[in-house]
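Fold and geometry: a report
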Amino acid sequence: MASMPKGSIIGHLQSAARRSRTALAEKLLAQGLYAGQDKIMLALDQENGLSPSQLAERLGVRPPTITKTINRLVAQGFLEKRASDIDARRAHVYLTESGAEAIRAIEKSVRRTEKQALKDLDKKEQKMLMKLLARVEDNLSRPERSPAEEKSEGGGEDA
C-alpha cells in the first residue's frame, strides 16, 4: 500500500471545510445573509440576549470581528441591541421577529448543504465520519505537548 503524502489529510480537511462553507454561503446569500452571520443568529436562537463578548467566546472569534457582524445584522433588521438591565454600558443582542423567521431558512440551508456533502455516504459511513471528526476536533482543541513532555510521560529511556 502506498503511503500518503505528509499533510494530505489536513489538506483534504481544509478543502472540505472551505467547499462546505462556500456551498452554505451561496445558499445563505439567497436568504440575504452573508457567511458567518448564520453562526451568530443560530447562537442567539439557542440563547437570545447574549452580549457581544459572550457571542465571540462561544463562536471562537475576536470581539471586534463579532461587533462588525452584529452591526451589519442590526442594519439588516435581523438583530437588535438593548442596554443591559444591570449595566447600561453593556449591550445585549436579540433576534428580531425577522431574525427569528430567518432561523428556519438558515437551518434549511444547513440541512441542504449537509445532504449535498454526504450524498454518497451511507448511514454507517456518516456515523463513522462524525466520530472521526469529533476526535480530530478534540485533538486539535487540546494544547500540543512538546516532544520532551511526551518522552517524560512515556517513562523516558528504558531502564
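Residues numbered from 1 in each chain as written. Predicted model: local features only at pLDDT ≥ 70, side-chain atom pairs only at ≥ 80, totals over all residues. Heavy atoms only, no water.

Here's the deal with the nonpolar core
The biggest cluster of nonpolar side chains holds 20 residues, and the ones touching the most others in it are I40, M41, L44, L55 and L79. Secondary structure elements with two or more residues in this core: α1 (8-29), α2 (37-46), α3 (52-59), α4 (63-75), β2 (91-95) and α5 (97-118). Residue contributions to this core peak at four residues, all from α2. Leave out the neighbours within four places in its chain, and M41 touches L33, L73, F78, L79, L95, G99, A102, I103 and I106. (Core = buried A, V, L, I, M, F, W, Y, C linked by side-chain atoms within 4.5 Å. Buried < 20%, exposed > 50% of the residue type's maximum accessible area, 1.4 Å probe, protein only. Helix = DSSP H or I, 4+ residues; strand = E, 2+ residues; numbered from the N terminus. Contact = heavy atoms within 4.5 Å.)

Digging into a nonpolar patch on the surface
A contiguous nonpolar surface patch, about 270 Å² in accessible area, is contributed by I10, V136 and L140. Its place among the elements puts L140 in helix α6 (residues 123-141). (Patch = residues over 30% accessible without salt bridge, like charges linked within 9 Å, V, L, I, M, F, W, Y side chains within 5 Å. Areas by Shrake-Rupley, 256 points an atom, 1.4 Å probe, with all protein chains shown as cover. Salt bridge = Lys/Arg side-chain N within 4 Å of Asp/Glu carboxyl O.)

A word on the confidence of the model for the chain
For the chain, mean pLDDT is 89; residues scoring 70 or higher make up 91% of the total. Across the chain, the secondary-structure element scoring lowest on mean pLDDT is helix α7 (residues 147-153), at 70, and the one scoring highest is α2, at 96. (pLDDT = per-residue confidence, 0-100.)

Observations concerning the pattern of salt bridges
As enumerated under the stated definition, the model contains eight salt bridges in all. When the shortest N-O distance is used, the salt bridge between R82 and E80 registers 2.7 Å. R90 serves as the salt-bridge partner of D87, at 4.0 Å between the closest nitrogen and oxygen. In this structure R90 comes out as exposed when scored by relative accessible area, which is 52%. Shared partners join several salt bridges into a network, and the residues in it are D45, R104 and E107.

Describing the packing of α3 against α4
Taken N-terminus to C-terminus, the directions of α3 and α4 make an angle of 115 degrees; their axes are 9 Å apart at the nearest point. Here α3 lies roughly perpendicular to α4, going by the angle between them. Crossing of α3 against α4: the hand is right-handed. Contacts from P52, L55, A56 and L59 of α3 reach α4 at P63, I66 and I70. For the contact of α3 with α4, a count of residues per class yields seven nonpolar, no polar and no charged. (Axes fitted to C-alpha atoms, helices over the stretch in contact; angles between N-to-C directions. Parallel < 35°, antiparallel > 145°, perpendicular 65-115°, else oblique. Left-handed = near helix turned anticlockwise from the far one by under 90°. Nonpolar A, V, L, I, M, F, W, Y, C, P; charged D, E, K, R; others polar.)

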